[in-house]
Amino acid sequence: PATQGGPGPREPPFTLGDCVIHREHHYRAVVVGRDEQCRQQAAWQVAMGVAQLARGPDQPWYHLLVDARDRPGGQATYVAHDLLLRDSPAEPLEHPLVGALFEGFRDGRFEAGAA
């Protein structure tokens, strides 16, 4: 289950393989990348309402693979830290790229392969 409450400045950043839940759209996803601040163009940030977030673009942003059971079609999203909750599901999320990026799933998170 997801943690209670929202992430704040003291919540450690998510890392590769962590499972999360979007606070507003309630889909499950796995972290496949992180930027220390929003790297999208200004027009995208305006369209997505980035300035309305408490910490705006100045927080970690994550590249996520969305669980196909929540949103079919192999979706990937780019989401601010403050919009995510940590999750530790009992079974792995489903996405067409998971097998190419991770070696396994244990203790509620995906394990990256050796480089």
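Here, every reference points to the structure presented above.
The rules we used
- Residues numbered from 1 in each chain as written.
- Predicted model: local features only at pLDDT ≥ 70, side-chain atom pairs only at ≥ 80, totals over all residues.
- Heavy atoms only, no water.
- Salt bridge = Lys/Arg side-chain N within 4 Å of Asp/Glu carboxyl O.
- Helix = DSSP H or I, 4+ residues; strand = E, 2+ residues; numbered from the N terminus.
- 1 Å grid on protein atoms, 1.4 Å probe; cavity = no way out; pocket = protein on both sides within 12 Å on 5 of 7 lines; lining within 4 Å.
- Points joined across faces, edges and corners; volume = space filled by probe spheres on them.
- Nonpolar A, V, L, I, M, F, W, Y, C, P; charged D, E, K, R; others polar.
- Buried < 20%, exposed > 50% of the residue type's maximum accessible area, 1.4 Å probe, protein only.
- Contact = heavy atoms within 4.5 Å.
- Polar contact = N/O pair within 3.5 Å; in protein donor to acceptor, adjacent residues only side chain to side chain.
- Pairing = 2+ DSSP bridges.

**Describing the pattern of salt bridges**
A full pass over the atoms with the stated rule returns 11 salt bridges. A salt bridge links Arg-86 to Asp-18; the nearest nitrogen and oxygen atoms lie 3.2 Å apart. Remark: Asp-18 occurs in the segment before β1 (19-22) and Arg-86 occurs in strand β5 (residues 84-87); sequence separation between them is 68 residues. Through salt bridges with shared partners, one network takes in Arg-28, Asp-67, Arg-69, Asp-70, Glu-91 and Glu-94.

**Brief notes about the layout of surface pockets**
It is the rolling of a water-molecule-sized probe over the atoms that shows where space remains empty. Taken as a whole, the largest pocket spans an internal volume of roughly 270 Å³. Elements supplying a minimum of two residues to the lining of the largest pocket: α1 (42-48) and β4 (76-80). The greatest single-element share of the lining of the largest pocket, amounting to 4 residues, is contributed by β4. Across the lining of the largest pocket, the residue classes tally to 10 nonpolar, 4 polar and 2 charged.

**Some points on unusual backbone geometry**
Positive phi is not limited to glycine here, since His-26 has a value of about 60°. Tracing the chain through its elements places His-26 in the loop between β1 and β2 (28-35). On the basis of relative accessibility, which here comes to 57%, the residue His-26 falls in the exposed class. Positioned with a positive phi, Asp-107 is a non-glycine residue whose angle comes to about 55°. By secondary structure assignment, the location of Asp-107 is in the loop between β6 (102-106) and β7 (109-112). Judged by its relative accessible area of 71%, Asp-107 is exposed.

**Concerning the environment of His-95**
If you trace the backbone, His-95 turns up in the loop between β5 and α2 (98-101). For the pair formed by His-95 and Gly-74, sequence separation is 21 residues and the distance between their alpha carbons is 5.7 Å. Ignoring anything within four residues of it in the chain, the contact list for His-95 reads Leu-65, Val-66, Gly-74 and Gln-75. Within the structure, the side chain of His-95 is placed 3.1 Å from the backbone oxygen of Gln-75, a separation counted as a polar contact.

**Some words on the pairing of β1**
Of the two faces of β1, the one holding Cys-19 and Ile-21 and the one holding Val-20 and His-22 are both buried throughout. The pairing of β1 with β2 spans 3 bridges and is classified as antiparallel. Paired with Cys-19 across the bridge in β2 is Val-30. Counting the residues that bridge the hairpin from β1 to β2 gives 5 residues, and of these His-26 lies at a positive phi of roughly 60°. Bridge count for β1 against β5 is 4 bridges, and the pairing is antiparallel. Residue pairing across strands places His-22 opposite Leu-84, the latter belonging to β5.

These figures capture arrangement, not role.
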